Amino acid sequence: MTDAAQQTSPADPPPAIAIRDLTKRYAGEKGEPGKLALDGVSFDVPQGQIFGLLGPNGAGKSTLINILAGLVNKTSGSAEIWGFDIDHNPRNAKRMIGIVPQEIVFDPFFTPFEVLENQGGFYGIGKRDRRSEELLAAVHLADKRDAYARTLSGGMKRRLLIAKAMVHTPPILVLDEPTAGVDVELRRQLWDLVGELNAEGVTVVLTTHYLEEAEQLCDRIAIINHGKLIANKPTRELVGMAREKIVRVTLDRDIADPPMEEGFLKVEATDPRTLEVTYDRDATSAGQVLARIQARGYAIEDVTTREADLEDVFVSLTSAARP
Ligand SMILES: Nc1ncnc2c1ncn2[C@@H]1O[C@H](COP(=O)(O)OP(=O)(O)OP(=O)(O)O)[C@@H](O)[C@H]1O
């Protein structure tokens with residue numbers, strides 16, 4: 001697609017992550033062709049942003065994250081993390097990224113402090129240079145420093161995973177489905193934490209199924225579907241792509257025949273007296289829609305309108321791209 005690698009000007013800092021033509025085919029069973037999980041995906045993650053990678057189940061999001069993490073070998077293409085190529089400079093590439101996995105995995109007998117100290121050791125960070133206390137405070141777990149990890153609530157465990165991913169002070173934090181199966185209150189807490197880290201300069205990439213989450217948190221959103229990139233735009237622009245608006249009108253009497261008028265994209269009678277008119281907001285307005293219905297002799301008793309949101313964009317993009 002044309003806007004896969006967005007326009008950059010010479011003044012822009014280099015991207016935090018640059019992905020080019022990334023392809024992954026998982027080996028199939030004997031005689032099977034295998035699964036093409038990523039199909040020539042290219043995009044940049046700009047520095048300092050919260051970048052959302054959105055897509056339905058099985059779209060290829062985890063595959064992409066796992067390639068960046070060095071856990072899955074790509075079939076072809078390239079990826080640079082903070083300027084380090086994952087093939088030519090894998091050690092440095094890995095140090096530039098902290099990954100929060102989808103699954104919560106801890107040794108239940110370690111305390112949060114020990115979890116972070118062990119991770120520091122894993123990265124070869126000397127005891128005096130470790131940031132365990134600071135990180136516990138940053139994820140609001142200072143008072144749980146010495147609790148057993150198994151006694152932490154689900155939300156605390158997720159926050160501890162974020163701290164663990166930040167032990168080596170990477171400039172990029174990647175969260176794979178950070179709020180899957182998390183209640184609303186906890187989701188808000190995690191969003192706040194992600195926002196705080198970003199405000200301190202960390203570039204954040206998150207994968208999510210939740211459109212609301214992407215819309216609220218992300219500066220930019222890329223959508224993948226069936227292994228292909230189908231959109232990559234600033235969130236506001238992406239939402240603006242949903243040009244359809246819906247007006248629902250309740251009329252004074254039963255509708256004989258739903259009227260199709262100029263500027264209407266779709267007309268549906270949801271019950272004998274209620275019409276839902278979908279229109280292109282660039283071509284007409286709610287007022288004009290109502291005027292056209294009134295011109296047919298109906299009186300309007302009630303009106304509601306609905307703006308298209310990211311959900312609508314997502315549905316229209318993914319259905320258009322279906323093979
Ligand atoms: N190890 C594997 N071997 C074979 N096929 C795989 C393997 N891992 C993933 N796949 C397939 O590749 C496709 C992409 O999977 P992936 O896990 O990347 O999707 P996803 O977008 O992360 O989905 P989810 O949101 O469910 O995690 C799916 O069809 C999946 O079944």
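- As recorded by an unreviewed UniProt entry, the chain carries the name ABC transporter ATP-binding protein and is attributed to Pelagerythrobacter marensis.

**A short note on the side chain of Asp176**
Okay, step 1: When you line up the elements, Asp176 lands in strand 7 (residues 172-176).
Okay, step 2: In this structure Asp176 is buried but unpaired, with Lys61 as the nearest side chain of opposite charge at 6.9 Å.
Okay, step 3: For Asp176, the side chain forms a polar contact with the side chain of Thr207, separated by 2.7 Å.
Okay, step 4: If we skip the residues at most four places from it in the chain, Asp176 touches Ser62, Val100, Pro101, Gln102 and Thr207.

**Quick look at the domain arrangement of the chain**
Okay, step 1: Here the domain parsing of the chain yields domain 1 (17-235) and domain 2 (244-307).
Okay, step 2: The centre of domain 1, based on its C-alpha atoms, is set 45 Å off from the matching centre of domain 2.

**Details of the packing of aromatic side chains**
Note on aromatic pairs: each is described by the distance of the centres and the angle between the planes.
Okay, step 1: Counting across every chain of the model gives two aromatic pairs.
Okay, step 2: Look at Phe43 and Phe51: their rings are 5.3 Å apart centre to centre, the planes differ by 5 degrees, and that puts the pair in the stacked class.
Okay, step 3: By relative accessible area, Phe43 is classed as buried at 2%.
Okay, step 4: Relative to Tyr123, the ring of Phe122 lies with its centre 5.4 Å away and its plane at 90 degrees, an arrangement referred to as edge-to-face.
Okay, step 5: Looking at Arg145, its charged tip hangs above the ring of Phe113, at a distance of 3.8 Å from the centre.

**Some details on the sheet that holds strand 4 (residues 76-81)**
Backbone hydrogen bonds are what pair the strands of a sheet, in a parallel or an antiparallel way.
Okay, step 1: In space, the four strands of this open sheet follow the order 2-1-4-5, with antiparallel pairing throughout. Because the sheet does not close on itself, it has two edges, and the strands there are strand 2 (35-45) and strand 5 (84-85).
Okay, step 2: Pairing geometry for strand 1 (residues 17-26) and strand 2, over seven bridges, is antiparallel. Bridge assignment links Ile17 to a residue of strand 2, and that residue is Val45.
Okay, step 3: Together, strand 1, strand 2 and strand 4 form the strand contacts of helix 1 (residues 61-68), whose direction differs from that of strand 1 by roughly 115 degrees.

**Here's the deal with helix 1**
Each α-helix turn comprises 3.6 residues. Residues three or four places apart therefore point the same way.
Okay, step 1: For helix 1, a buried count of six out of eight residues is recorded, marking the element as mostly surrounded by other parts of the structure.
Okay, step 2: Every buried residue belonging to helix 1 is among Lys61, Thr63, Leu64, Ile65, Ile67 and Leu68, and all of these are buried.
Okay, step 3: A positive backbone phi angle near 80 degrees is found at Gly70, which sits one or two residues after helix 1.

**Section: the site of the ligand**
Okay, step 1: Neighbouring residues of the ligand: 14 residues in total, closest Asn57, Gly58, Gly60, Ser62 and Thr63.
Okay, step 2: Separating an oxygen atom of the ligand from a backbone N or O atom of Ala59 is a distance of 3.0 Å.
Okay, step 3: A distance of 2.9 Å separates an oxygen atom of the ligand from a polar atom in the backbone of Lys61.
Okay, step 4: When contributions to the shell around the ligand are tallied by element, the ones reaching two or more residues are strand 2 and helix 1.
Okay, step 5: When its residues are assigned to classes, the shell around the ligand shows four nonpolar, seven polar and three charged.

**What about the environment of Leu141?**
Okay, step 1: Looking at the element boundaries, Leu141 is found in the loop between helix 4 (132-138) and helix 5 (154-165).
Okay, step 2: Since its relative accessible area comes to 0%, Leu141 is described here as buried.
Okay, step 3: The spacing of Leu141 and Ile125 is 16 residues in sequence and 21 Å in space, taken between C-alpha atoms.
Okay, step 4: Each residue touching Leu141, except ones within four places of it in the same chain, is listed here: Leu136, Met156, Arg159 and Leu160.

**Examining the sheet that holds strand 3 (residues 50-54)**
Okay, step 1: The sheet built from six strands is open, its strands ordered 6-7-8-3-9-10 with mixed pairing. Sheet topology places strand 6 (97-100) and strand 10 (228-234) at the edges, where each strand pairs with a single neighbour. The sheet shows a mean angle of 15 degrees between the axes of neighbouring strands, direction not considered.
Okay, step 2: Here strand 3 pairs with strand 8 (residues 203-208) via five bridges, running parallel. Bridge pairing in strand 8 places Leu54 opposite Thr208.
Okay, step 3: Strand contacts of helix 1: strand 3, strand 6, strand 7, strand 8 and strand 9 (220-225), with the helix running at about 130 degrees to strand 3, the strand carrying the most contacts.
Okay, step 4: Lying on the sheet, helix 5 is in contact with strand 6 and strand 7; it crosses strand 6 at an angle near 160 degrees.

Parameters at a glance
- Residues numbered from 1 in each chain as written.
- Predicted model: local features only at pLDDT ≥ 70, side-chain atom pairs only at ≥ 80, totals over all residues.
- Heavy atoms only, no water.
- Helix = DSSP H or I, 4+ residues; strand = E, 2+ residues; numbered from the N terminus.
- Buried < 20%, exposed > 50% of the residue type's maximum accessible area, 1.4 Å probe, protein only.
- Lys, Arg positive; Asp, Glu negative; His and termini not counted.
- Salt bridge = Lys/Arg side-chain N within 4 Å of Asp/Glu carboxyl O.
- Polar contact = N/O pair within 3.5 Å; in protein donor to acceptor, adjacent residues only side chain to side chain.
- Contact = heavy atoms within 4.5 Å.
- Domains from an automatic or database assignment.
- Phe/Tyr/Trp six-rings, centres within 6.5 Å; stacked < 30°, edge-to-face > 60°.
- Lys NZ or Arg CZ within 6 Å of the ring centre and 35° of its normal.
- Pairing = 2+ DSSP bridges.
- Axes fitted to C-alpha atoms, helices over the stretch in contact; angles between N-to-C directions.
- Near = heavy atom within 4 Å.
- Nonpolar A, V, L, I, M, F, W, Y, C, P; charged D, E, K, R; others polar.

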